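Understanding the architecture of this molecule
The lines below spell out each chain.
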Amino acid sequence: MADVVFTNVRILDGTGQNNPYTGSVLVRDNRIRQVGRSTAPIAPGSAAVIDGAGATLMPGMCEAHTHFSWNDAATLAAIQTMPLEEHVLWCAKVAKRYLQAGFTSCVGAACAKPRLDVVIRNAINAGQIPGPRYLAASQEITVLGALGDETLPHLPFPEFSFGVNVSGADEMRKAVRLFLKYGVDSIKLNLSGDNFTPQSPAETTWMLDEEVAAAMREVKIRGKRGVAHARSSESVKQALRHGIELIYHASFVDEEALDMLEAKKDEVFVAPGIAILYAMLYEAEPWGVTHAMACDMGYQIEWDAACVSLAKMHKRGIRVLPGGDYGFAFTPHCQNARDLEFFVKYLGFTPMEAIRCTTLYGGQVMKRPDDLGLVKEGYLADLMLVDGDPLANLSILRDPKRILAVMKDGVFAKAPEIAARRQWERAA
Ligand SMILES: [Zn+2]
């Protein structure tokens, strides 16, 4: 594989500490080998030289709460009832779209059928299909009546459900062991309810401590990760008590929950997925949810609470990451970078801090804190070339026309249209 040199680019290194500077970056094999402040290209031998013409070169982004198998439908039932064969193809297509949108890493946050995430991750890793680096999740594990229980016990096929229902520690153990046998990277537990399912609203907490403990024992034995859907304050505390590393939503947190989060801020990540709260309030009317209906469902209360909670977390140095619950009709896939705009507009982040959440913290949540998520010598060559300055306008990060190129592991997933000059050895 020929070396690639990006020259005449504004380097945004992803640390959140350094202002962008003009320079050049040399990629050899799958690593960043050299980062220079000179505009003169580092151009050894036969490198392919990409003249960025002043575009921004930054790390590929990380989506911390991804559901490839959500199929841009308006209901959980419509996701659940997609036939398996079509569903596999859907996930493969979506994985490719994420990569081309600049997401070179995604953290699976639950899939709609048992092995969808594992199969897609394995196919990506084997080079069978294009897609981001991916951590595969289980289905949502829930309890009867809570979020994810879509069973209809009074009808034929009563067991068919979006999430997996368990009752008691034994059933939990069995479900978790089965997903671990399939090879998931994380086990997803629905600890709280959700306003999307009015029978189990966001501030309710459903799972028993003994069920969570049984799950986390199995998870830890295999060195895997526990992740939780936790909107209520009680569920956030429950997650922390049991060693869950990645907490989704955390809309409602009291002072005790904030203190517990802060005490574990080097171990724990929060990925709130706030876009769906906003979308339900203001953008879901075409799918039959008016603003008034969304307010009745509790979304205004949750949105207000989440903005306060997440701003407090950010102030306390708790890592809040973008992404989450894209893949519904009102939050379609590949608009995920919109979260960065929300972080700035509603949560008190600077644009630089928002970007750091998807770069530096992205490498950390992908369990590669030492070589992923930065433009830095020795790091994996996961890069994106952006037309414009994301610090001045974050919305360009969700505009396909402005994403000029995406590289993952040293290979272009989206090749730059900027003509690449191949420089042959001058001695010839
Ligand atoms: Zn989710």
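**A look at the domain arrangement of the chain**
Often, the extent of an interface is quoted as the loss of accessible area upon association of its parts. When the domains of the chain are assigned, the result is domain 1 (4-60 + 373-427) and domain 2 (61-336). Computed from C-alpha atoms alone, the centre-to-centre distance between domain 1 and domain 2 is 33 Å. Between domain 1 and domain 2, roughly 1,100 Å² of surface is buried when both sides are summed, and carbon and sulfur atoms account for 54% of that area. Between the two partners, domain 1 and domain 2, sit 2 salt bridges. Across the pair Arg133 and Asp382 runs a salt bridge, and its minimum N-O distance is 2.7 Å. Broken down by secondary-structure element, the contributors of at least two residues to the side of domain 1 that touches domain 2 are strand 5 (56-59), strand 17 (403-408) and strand 18 (411-414). Broken down by element, the side of domain 1 that touches domain 2 gets its largest block of residues, 4 residues, from strand 17.

**Re helix 11 (residues 338-347)**
Of all 10 residues in helix 11, 7 are buried; the element is thus mostly enclosed. Of the positions making up helix 11, those classed as buried are Arg338, Asp339, Leu340, Glu341, Phe342, Phe343 and Leu347. Elements that come into contact with the buried residues of helix 11 comprise strand 6 (61-66), helix 8 (275-282), helix 10 (299-315), strand 15 (319-320) and helix 12 (351-358). Gly348 sits one or two positions beyond helix 11 and adopts a positive phi of about 85 degrees.

**Some details on the coordination of the zinc ion**
At this site the zinc ion is bound by His65 (NE2), His67 (NE2) and Asp325 (OD), with donor distances of 2.1 to 2.2 Å. Motif for the zinc ion, donor spacing along one chain: H-x1-H-x257-D. Accessibility classification places His65 together with His67 in one group, the buried group.

**Structural notes on the sheet that holds strand 7 (residues 103-108)**
Spatial strand order, 6-7-8: 3 strands in an open sheet with parallel pairing. Sheet topology places strand 6 and strand 8 (133-135) at the edges, where each strand pairs with a single neighbour. Strand-to-strand, the axes of this sheet are offset by a mean angle of 15 degrees, without reference to chain direction. Here 4 bridges tie strand 6 to strand 7, and the two strands are oriented parallel to one another. Along strand 7, the bridge assignment pairs Thr66 with Gly108.

**Here we look at the environment of Thr22**
Take Thr22: it is sitting in strand 2 (residues 21-28). The class of Thr22 is partly exposed, set by a relative accessible area of 34%.

**Digging into the sheet that holds strand 15**
Ordered in space as 10-9-11-12-13-14-15, the 7 strands form an open sheet in which the pairing is parallel. The sheet is open, and its two edges are formed by strand 10 (164-165) and strand 15, each paired on a single side. As paired elements, strand 9 (residues 137-142) and strand 11 (residues 186-190) share 3 bridges and run parallel to each other. Bridge assignment links Ile141 to a residue of strand 11, and that residue is Leu189.

**A closer look at the packing of aromatic side chains**
Inspection of every chain in the model, using the stated rule, returns 19 aromatic pairs. An aromatic cluster of at least three residues, connected via ring pairs, comprises Trp70, Phe162, Phe196, Trp287, Phe328 and Phe330. Against the face of Tyr21 rests Arg37, its NZ or CZ located 3.9 Å from the ring centre. Across the ring face of Tyr182, the terminal group of Arg115 is positioned such that the distance to the ring centre comes to 5.9 Å.

Calculation notes
Residues numbered from 1 in each chain as written. Predicted model: local features only at pLDDT ≥ 70, side-chain atom pairs only at ≥ 80, totals over all residues. Heavy atoms only, no water. Domains from an automatic or database assignment. Buried area = accessible area lost by both parts, 1.4 Å probe. Salt bridge = Lys/Arg side-chain N within 4 Å of Asp/Glu carboxyl O. Helix = DSSP H or I, 4+ residues; strand = E, 2+ residues; numbered from the N terminus. Buried < 20%, exposed > 50% of the residue type's maximum accessible area, 1.4 Å probe, protein only. Contact = heavy atoms within 4.5 Å. Donors = N, O, S within 2.8 Å, 3.2 Å for Na, K, Ca; no water. Pairing = 2+ DSSP bridges. Axes fitted to C-alpha atoms, helices over the stretch in contact; angles between N-to-C directions. Phe/Tyr/Trp six-rings, centres within 6.5 Å; stacked < 30°, edge-to-face > 60°. Lys NZ or Arg CZ within 6 Å of the ring centre and 35° of its normal.

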